[in-house]
Amino acid sequence: MIHSLFLVNASGDIFLEKHWKSVVSRSVCDYFFEALERATEPENVPPVIPTPHHYLINVLRHRIYFVAVIQSEVPPLFVIEFLHRVVDTFQDYFGVCTEAAIKDNVVVVYELLEEMLDNGFPLATESNILKELIKPPTILRTVVNTITGSTNVGEQLPTGQLSVVPWRRTGVKYTNNEAYFDVIEEIDAIIDKSGSTITAEIQGVIDACVKLTGMPDLTLSFMNPRLLDDVSFHPCVRFKRWEAERILSFIPPDGNFRLLSYHVSSQNLVAIPVYVKHNISFREGSSQGRFELTLGPKQTMGKAVESVLVSSQLPRGVLNANLNPSQGTYTFDPVTKLLSWDVGKINPQKLPSLKGSMSLQAGASKPDENPTINIQFKIQQLAISGLKVNRLDMYGEKYKPFKGIKYMTKAGKFQVRT
Amino acid sequence: NLSRWGIFVAIMIARGKNASDLFPAVVKNVACKNIEVKKLVYVYLVRYAEEQQDLALLSISTFQRGLKDPNQLIRASALRVLSSIRVTIIVPIMMLAIKEAASDMSPYVRKTAAHAIPKLHSLDPEQKDQLIEVIEKLLADKTTLVAGSVVMAFEEVCPDRIDLIHKNYRKLCNLLIDVEEWGQVVIINMLTRYARTQFLNPNINVSITHMCESEPATLAKRKPYVMDPDHRLLLRNTKPLLQSRNAAVVMAVAQLYFHLAPKAEVGIIAKALVRLMRSHSEVQYVVLQNVATMSIKRRGMFEPYLKSFYIRSTDPTQIKVLKLEVLTNLANETNISTILREFQTYIKSMDKDFVAASIQAIGRCATNIGEVRDTCLNGLVQLLSNRDELVVAESVVVIKKLLQMQPEQHSDIIKHMAKLIDNIQVPMARASILWLIGEYCEHVPKIAPDVLRKMAKSFTNEEDIVKLQIINLAAKLYLTNSKQSKLLTQYVLNLAKYDQNYDIRDRARFIRQLIVPTDKSGALSKYAKKLFLALKPAPVLESPFKDRDHFQLGSLSHLLNAKAAGYQELPNWPESAPDPSVRNVEVKDSVCAERTVLTGPEGAGVLLLQTTRGSSNMQDLPKKRPKTLTKKNPLLLYLKNQKSASESESESESSESEEESEEESEEESESDTNVRKKRVRLDWNRIPCIINFDQFDMNKITSVFSQTLAPSGSIKMYELLHRIKGEGLAVEYCFSRQPFSPEPNMVAVQIQFTNNTNSETKNLHIEDPRLQSGMRIREFAEIGLQPSESVTVVMGIDFCDSTQAANFQLCTHTRKFFVSIQPPVGELMTPAFLTENDFKKEQGKLMGMNEILEKLTLGEKCVNEHVIVERVTATANLSRVPCGSDKECRFAGKTVSSGCLVLVTVTTKEGGGAQLTVNCEKMLIGTMLVKDILQALSQ
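Conventions we followed
Residues numbered from 1 in each chain as written. Chains lettered and ligands numbered in written order. Predicted model: local features only at pLDDT ≥ 70, side-chain atom pairs only at ≥ 80, totals over all residues. Heavy atoms only, no water. Axes fitted to C-alpha atoms, helices over the stretch in contact; angles between N-to-C directions. Helix = DSSP H or I, 4+ residues; strand = E, 2+ residues; numbered from the N terminus. Parallel < 35°, antiparallel > 145°, perpendicular 65-115°, else oblique. Contact = heavy atoms within 4.5 Å. Nonpolar A, V, L, I, M, F, W, Y, C, P; charged D, E, K, R; others polar. Pairing = 2+ DSSP bridges. Left-handed = near helix turned anticlockwise from the far one by under 90°.

Undergrad: Can you help me understand the packing of helix 7 (residues 107-123) of chain B against helix 9 (residues 144-157) of chain B in this one?
TA: Any two packed helices are characterised by the angle at which their axes cross and by the distance between the axes. Residue and element names in this part refer to chain B. Where helix 7 meets helix 9, the closest approach of the two axes is 8 Å, and the angle between their N-to-C directions is 10 degrees. Here helix 7 lies roughly parallel to helix 9, going by the angle between them. Of the residues in helix 9, those in contact with Pro107, Tyr108, Arg110, Lys111, Ala114, His115, Ile117, Pro118 and His121 of helix 7 are Leu145, Val146, Ser149, Val150, Ala153, Glu156 and Val157. In the contact of helix 7 with helix 9, the residues fall into 10 nonpolar, 3 polar and 3 charged.

Undergrad: It is not clear to me how the sheet that holds strand 3 (residues 48-50) of chain A should be interpreted in this structure. Could you clarify?
TA: Backbone-to-backbone hydrogen bonds join strands into a sheet, with any given pair of strands oriented parallel or antiparallel. All names here are of chain A. Read from one edge to the other, the open sheet built from 5 strands follows the order 2-1-5-4-3, with strand pairing classed as antiparallel. Because the sheet does not close on itself, it has two edges, and the strands there are strand 2 (14-19) and strand 3. Neighbouring strand axes in the sheet, compared pairwise and without regard to direction, differ in orientation by 20 degrees on average. Across 3 bridges, strand 3 lies against strand 4 (residues 55-61) in antiparallel orientation. In the strand pairing of strand 4, Pro50 is matched with Tyr55. Against the sheet, helix 4 (residues 106-116) touches strand 1 (2-8) and strand 2, its axis set at about 35 degrees to strand 2.

Undergrad: Looking at this structure, I do not really get the packing of helix 40 (residues 865-875) of chain B against helix 41 (residues 923-937) of chain B. What am I missing?
TA: All names here are of chain B. Running from N to C, helix 40 and helix 41 point in directions that differ by 140 degrees, and their axes come no closer than 9 Å. By the angle between their directions, the pair helix 40 and helix 41 is classed as oblique. Considering the relative orientation of helix 40 and helix 41, their crossing is right-handed. Between helix 40 and helix 41, the residues in contact are Ile868, Arg871, Val872 and Thr875 and Asp932, Ile933, Ala936 and Leu937, respectively. Of the residues contributing to the contact of helix 40 with helix 41, the split by class is 5 nonpolar, 1 polar and 2 charged.

Undergrad: Looking at this structure, I do not really get the sheet that holds strand 16 (residues 306-313) of chain A. What am I missing?
TA: Residue and element names in this part refer to chain A. Taking strand neighbours across the sheet as the criterion, the 9 strands line up as 11-13-9-8-23-21-16-19-18 in an open arrangement whose pairing is mixed. Every other strand in the sheet has two partners, leaving strand 11 (231-233) and strand 18 (329-333) as the edge strands with one partner each. Averaged over all pairs of adjacent strands, the angle between their axes in this sheet comes to 15 degrees, without regard to strand direction. With 5 bridges connecting them, strand 18 and strand 19 (residues 338-344) associate as antiparallel partners. Its bridge partner being in strand 19, Thr329 is matched across the sheet by Asp342.

This is how it looks when you write it as structure tokens:
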């Protein structure tokens, strides 16, 4: 299946290679570099590139291209999904997935890749199993290792691979037993010129951080499970129980994991927490344009809208912008024409606004294009879909764990057309 | 410092530097104790073995030793590295190792064996036949761990051997949900292909109504379509996987539904696919490609999700273009106005490639939906005054195509476009305008010659495609309006004659001959007008994704729209369904495979009898489903898979009665007087014995026994409670020979309860054990049984190394039964792993009183070492000890309770004689063991 893997950085250098079958010369990446050159933006490189003898499948994460070399038919999503899993694992191990982090931990990276694939077929991709096999580097351990000459590789054998619940390590012990769940929802929306919603959907996840001793069996129930009609689960969730009772029943993995993600589609009514009033206009023959933008809270259920960030790609003809924010700071990059305004918190009494003028190239005709405005924000203590957890129970162990649930709503791809 | 040095080598390999000079120095460390160094050496070895074959061979023995390690994980990793070394000389060693690992007791080792198969196949394709045998064996494996890997091996080695799947089809369907996610993808893709060869097209009725509306008679003649239950099984068991977090799994299920499900059911995949669109952009890219193909065939499916395909300015261009494609495919009379409004905003985008694609999309909507053609055309004409040349050019090309559909009404537009020729520089657009004017020169008689005049002036500076169109225009004008354009045409043709491009010179020559009448010109020139001004059919604007669904969706080939290497064609539905009975699997009803060495005098005969009975049973009961089987698989039971209970109920009942009668006749013929053994023997005979041909069972049993490293073993079921005595509750037990994990000095007894009544049996538990002093019982947790369900539990008994029976009561919510379990002496021990030297040393300590010697004559069947090993390990739970001499077989074990060593040696002599030696501290055990082994060997 997956023959080889090359890691290519933003400047187009191969800085790591790994082969699971016979060695493929790195010259195969020339086809990739060709495609890279042809693409105007880094994310426009086609994910699948056919070459005379191989197929290259690549993903771009953290400004690193992970280029997998394939020799014969294999579902492309299989490879893409696996590559993303590799990146997630690196991130899990090193905190960040950068070229520097990978180079610093090249041995661990190599050991990980060796365990994750056998002859190109995924072997162990579950982070709990991998951590049993190869301990993640920590500062303390690095120091100890240098002094004592001991290793990162786990001494005991990975029994998790043989268990019925491969995602959970055995013999987990904590002095403080705790289980925290974060319900995070992102709103994807397109708002048209007049302020009406063209499409809006909610993408939600429940991320968990579970540190419980032994083999706990958890159940999580919701006040309004009917909202969750389009869900995907971590493999630990018992699907039949969900089908029958709408209760999440699972033996959790140890540590951080994504319990489920759900999708409230555009057919449902989605509350839009902010509105934007805008007036961006260019006059024919004049070298000046007007720019006015005001933000305000809409359906926020009484919660504050925080960490608001507005960004917009202005037309190419704009030379500079001279604006005046009522709060926060703004920047305009004359090269990329990217305007961004860090608003902060929206005060409903005094709405934030950004007003001023833009200077255009003299003599050039007025731009055809209208810029779109992208908005980011956060609302604490609120799940915009209305999802609420009812209760969390634990079976199978005797102690009493600390439990906690946090809600948060964020803007996903929230776009206002002008 | 070894580990630092290892790091250095790893970095060298990672950077792609050649580190092969270091080979001897590295390989030396293969047996190093430090695990990290060891792993790095493995990495190094696998990487460079191909280049340094001779040196690589030095390391092989280390792995061969690892293959015999008592720890399954070490066995597995040894096999993994050994099979990764690409050196042809070791192919036989690999083959042997794979075969052995395929019947290992550890599913993890078997999984590794499955992984090794494609490696060996790519190294030496000539091993294919042997490897297929191994695959066949592993396919029958019932553990979820193995399933995905072996199907992967199947797909790489012998994807066309669909016949190997039949017997395992239902098992794979049932296991699917518990297989790890990567395996799921492979299995689902394979089953899609399988289903296409074995089942009928579920949409057949629909397509027939379409075709034969005029002939209702043919329709009536056809049998109404009934879906094969196995087809339904596949659809039902894959559906929950749409909820997987793994995009590849969701896509695999989606393509399965698209290719296999009845039209009415395909819709459910849309929601899941739309959900995937929120994922990483690469995932989005692949999903959109597939959605684009699906949306042509099944437009209705995605219509409710139209808005999810709306484009954001931040999407990468390739995603935008694909979304546009989907939107265009979804357009119909009802939603076209919304879609067009959306398209209008796209045209104002800053991304010009995307704008061009949007214009093409508008053109396609206009051709497909007649109502909006004029609206679209007007919109496009407005774009002609756009400042961006690319936009104008693209509009011209699209307008040209639209105009071809109804040119008469649009001479205004043609005139407008003629004016544009002065400004537009994009060759394709210029060529399009020229073609339009030439084609419809009768609609614009005044303008056309003027355009030709301008073009003649700039001819030399034009691009090739424009030049060709100028020649065309000239030719057409010459034919319709020769008065005004004769000289211009001559001029253009003369210019073209000396052009640098072959095509243009050829075209000029050809046209001159055709249109300018000379005395030499042939018959063709008479038809020149017909040739040039024939009515041309309007172009059909088609989606590039049309008909891509002949590739299996989700595949690489589909994405590239070209056959990738190793792509397996998705077969067409068969005309008539192949025999569905090939998927039937023989179902054991209450017993595991009975391959015990028989103890009675008539043993061989009975075995023969049972063989025939088993096979006839198989023919009698073709309807049996593997469900019952699954139900009895302890592993699955553990997962509480109770769903199938009700479905298999009726089937198992019907077979029950059949066997009952046979059983009774069997009992009557039984006449044994040996009192000591009577109980066991009778019980044993009461069990309806079927030689089980289901490969898996063999495998499971083998796996239980393979601790003893015997190639095959047997397991004996004993009866605890007969069905009649137990009022419908049948209980059997066997010694599973697995270590009893809660208490290592207990013997694990696997007990299988079968509820043959029609009511639920509740609160099954153990009460009031009456035991000899020192003996202990670890009870199983209380269980309940649904009607005709059967459940297996494991309990532990500490027999204190004696063959005394453990007596206790088995209680249900209504009744109590007195039962007892008496272990054969061979079950009181567990295998011990000794080397040859250790064995000799230990044997030396256990001389004199502790040694029992017995001479015997080997039975007729004990012809070779293999049979001896099999019989000894069947009698007692011992493991084989390696031995230099081929005349001797050695076995070692420990008693479970006190851990005393039990050493057994069988020395064969010429002419069927042999000597049996047992060394054991516990003389009683030794004596009894000698007796049992003697009996086993002298048959």
